[in-house]
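Reading the structure
So you can see what is in the structure, the chains are spelled out below.
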Amino acid sequence: MADKRNPFATGAESTVLGADEIVLNMGPQHPSTHGVLRVKLRLDGEKVIGSECVIGYLHRGVEKIAEHRTYQQFAPYVDRMDYVAAVSNGLGYCETVEKLLGVEAPLRARVIRVILTELQRIASHLFWLGTHALDIGALTPLFYCLREREEILKIFEKYCGARLTTHAFRIGGLQYEAYDEFEKEVERFCKSFDKRVDEYESLLTQNRIWMGRTKGIGVLTAKEAIDYGATGPVLRASGVPWDIRKAMPYAAYDLYKFEIPTGQNGDTYDRYLVRLEEMRQSRLICLQAIENIPAGRIMARVGKILRPPPGEVYHSIESPKGELGYYIVSDGTVQPYRVRIRPPSLINLGAFEKMIRGHLLADVVAIIGTLDIVLGEVDR
Amino acid sequence: MGNDPEHKPPSAGSPYEPSADKPPGSVEKTAPKSDVTPIPSAVYPPEAAAASRLAAPVREGPVPLDNDTVKRYREKFGPAILQAWMDRKQAILVVAREQLAEICRHSRDEEKFDLLSNLTALDWPRREKRFDVVLELYSFEKNERLRLKASAAADERVPSVQGIWTAANWMEREVYDMFGIVFEGHPDLKRILLPEEWQGHPLRKDYGILAQDMAWVRENLGIESGQ
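Residues numbered from 1 in each chain as written. Chains lettered and ligands numbered in written order. Predicted model: local features only at pLDDT ≥ 70, side-chain atom pairs only at ≥ 80, totals over all residues.

Residue and element names in this part refer to chain A. If you trace the backbone, A85 turns up in the loop between α2 (71–78) and α3 (86–101). Residues A85 and R121, spaced 36 residues apart in sequence, show a C-alpha to C-alpha distance of 6.9 Å. Excluding anything up to four places from it in sequence, A85 contacts Q120, S124, S319 and P320. (Helix = DSSP H or I, 4+ residues; strand = E, 2+ residues; numbered from the N terminus. Contact = placed C-beta atoms within 7 Å.)

With that settled, consider the sheet that holds strand β8 (residues 338–342) of chain A. Residue and element names in this part refer to chain A. The antiparallel open sheet is built from 3 strands, whose spatial order is β6-β7-β8. Edge positions in the open sheet fall to β6 (311–319) and β8, since each of these has one partner strand only. When strand polarity is set aside, the average angle formed by the axes of neighbouring strands in this sheet is 10 degrees. Bridge analysis of β6 against strand β7 (residues 322–330) gives 9 bridges, and the strand direction is antiparallel. By the bridge assignment for β7, H315 is matched with Y326. Relative to the sheet, α3 contacts β6 and β7, its axis offset from that of β6 by approximately 150 degrees. (Pairing = 2+ DSSP bridges. Axes fitted to C-alpha atoms, helices over the stretch in contact; angles between N-to-C directions.)

With that out of the way, let us pick up the pairing of strand β6 (residues 144–152) of chain B. Residues and elements named next belong to chain B. The element β6 is extensively covered by neighbouring structure, given that 7 of its 9 residues are classed as buried. For strand β3 (residues 90–95) and β6, the ladder comprises 4 bridges, and the chain directions are parallel. Looking across to β6, one finds that V95 is bridged to A150. Direction of pairing for strand β5 (residues 131–139) relative to β6: antiparallel, over a ladder of 9 bridges. Residue pairing across strands places E136 opposite R147, the latter belonging to β6. Between the antiparallel neighbours β5 and β6 lie 4 residues, among them N143 with a positive phi of about 50 degrees. (Buried ≥ 20, exposed ≤ 12 C-beta atoms within 10 Å, placed from the backbone.)

Before going further, it helps to examine the domain arrangement of chain A. Residues and elements named next belong to chain A. Under the domain assignment used here, chain A contains domain 1 (12–54) and domain 2 (62–379). Distance from the C-alpha centre of domain 1 to the C-alpha centre of domain 2: 30 Å. Facing 16 residues of domain 1, the contacting portion of domain 2 comprises 17 residues. Of all the secondary structure elements, the ones that give two or more residues to the side of domain 1 that touches domain 2 are β2 (38–44) and β3 (47–54). Considering each element in turn, the side of domain 1 that touches domain 2 owes the most residues, 5 residues, to β3. (Domains from an automatic or database assignment.)

Have a look at this one:
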């Protein structure tokens, strides 16, 4: 039998119906591919028997650019990768450079970072939920989700002036103090948000169509998920309780209590439940954090010109999509010698080919949606 | 400045040599101000760095590492474990390229490094073996990371670890795309981010930041400069 990975190879499984195989191109300009993803599908009737993702349409050479910018100059670029969770990207980058420099941001800065990052996680999951439901055919949740996301973006805007590509953090801490009403606004949002999640649940969780479209679709067992390198909610829905915030705490996550939601079946429905619960947990972290934001400096003593001592560091954070890692090599100059970004979306998308095999054409959008990919991050 | 591919000039010797006439603590401040911008030389220098950099207590630089994990690896693979060091509390093993796949299989099955977090490469154009393939492993059981490195010359093939972690499939394709490193045994080694017909490998140090495959751009996009 020909190679299974080759979508155009023919094999035993392709002769189920004895019909002719069709190769169908989906994307790159397709509203449900969340950007410019092209998927080549090998179909037997409506059944997908092979697939290949073609990516790179949004490739901007971010890693190359990094080698020609100073450490600070490169910081805004990372916001443009996962543009629905820019704050998380910035946190990962700033912390990695801080590790490389051997400095640590002051506690006050780290706590504010946690608050903003968790708000960003909620915003990212909200956007995911809205668009994922839209892809599957439920139009209503999108409006509710974006309504709440808007409140978070307003907090970001008040904090740093930008809503999406925020560049909220600096290497060594923060540039801006929290504004006067910051705690109050975060609290107001968090207090009301719990009921909102219930609202989404009432629309979807017991909805027969939703369950029919998501249960048993795109199943990934724990072993497969690890083999494919899947991280984040995708891994946790398969039953592996691994969250970098707990496993290797960064920022100030060791100060707060929260749980790691996991699923059992590793299907699209479980990933939905896991992300919903993650939003609730993020809300709890925010509530704990605003209760006691320590006083003090918000910026560590780092120079205006950063020359990290030669060496290398790999640091990863739990971004809303999964493990967002930065591998930075310094040669002692003001510019990084190499910046490798480990994008969770790219690696999770690698499991697509496994998840879609044997499902129907209509499930393609459900599985792309459930992976929660952002093409800006896949292609960089 | 930006479009000069050889943007970082070479240094004469190892940039990490401790300067004799200065106390160790002052190395941090003075070294970067020298006229030559340092570029890491031949081997990543755990010994040299340990001598100079560790004298300064503020920074954590590379230190030779010899813990239980390394001992077990040394016992099993002997000379294939070329170097072991710790940089900023992260363990790094330099292994022989030929045995990379075996060492990876052992890491997954015996040492329980079941997740391949990251696979990438580094380019040191002045070195005899210019590429480093870097693998970042993670063990759920031990909650530990381990970095494996293997060097390869431009014409040397690196054993693929795709059969050990499927996650390596796309990451090896990306390394092939960006650096031109060929992975032996990869089932579908082709470009992933750039178009299939593209010439050149952008993350190599001799590929300028403004460089691109003009012929491809002209032919497929119908524009002259691509800017």
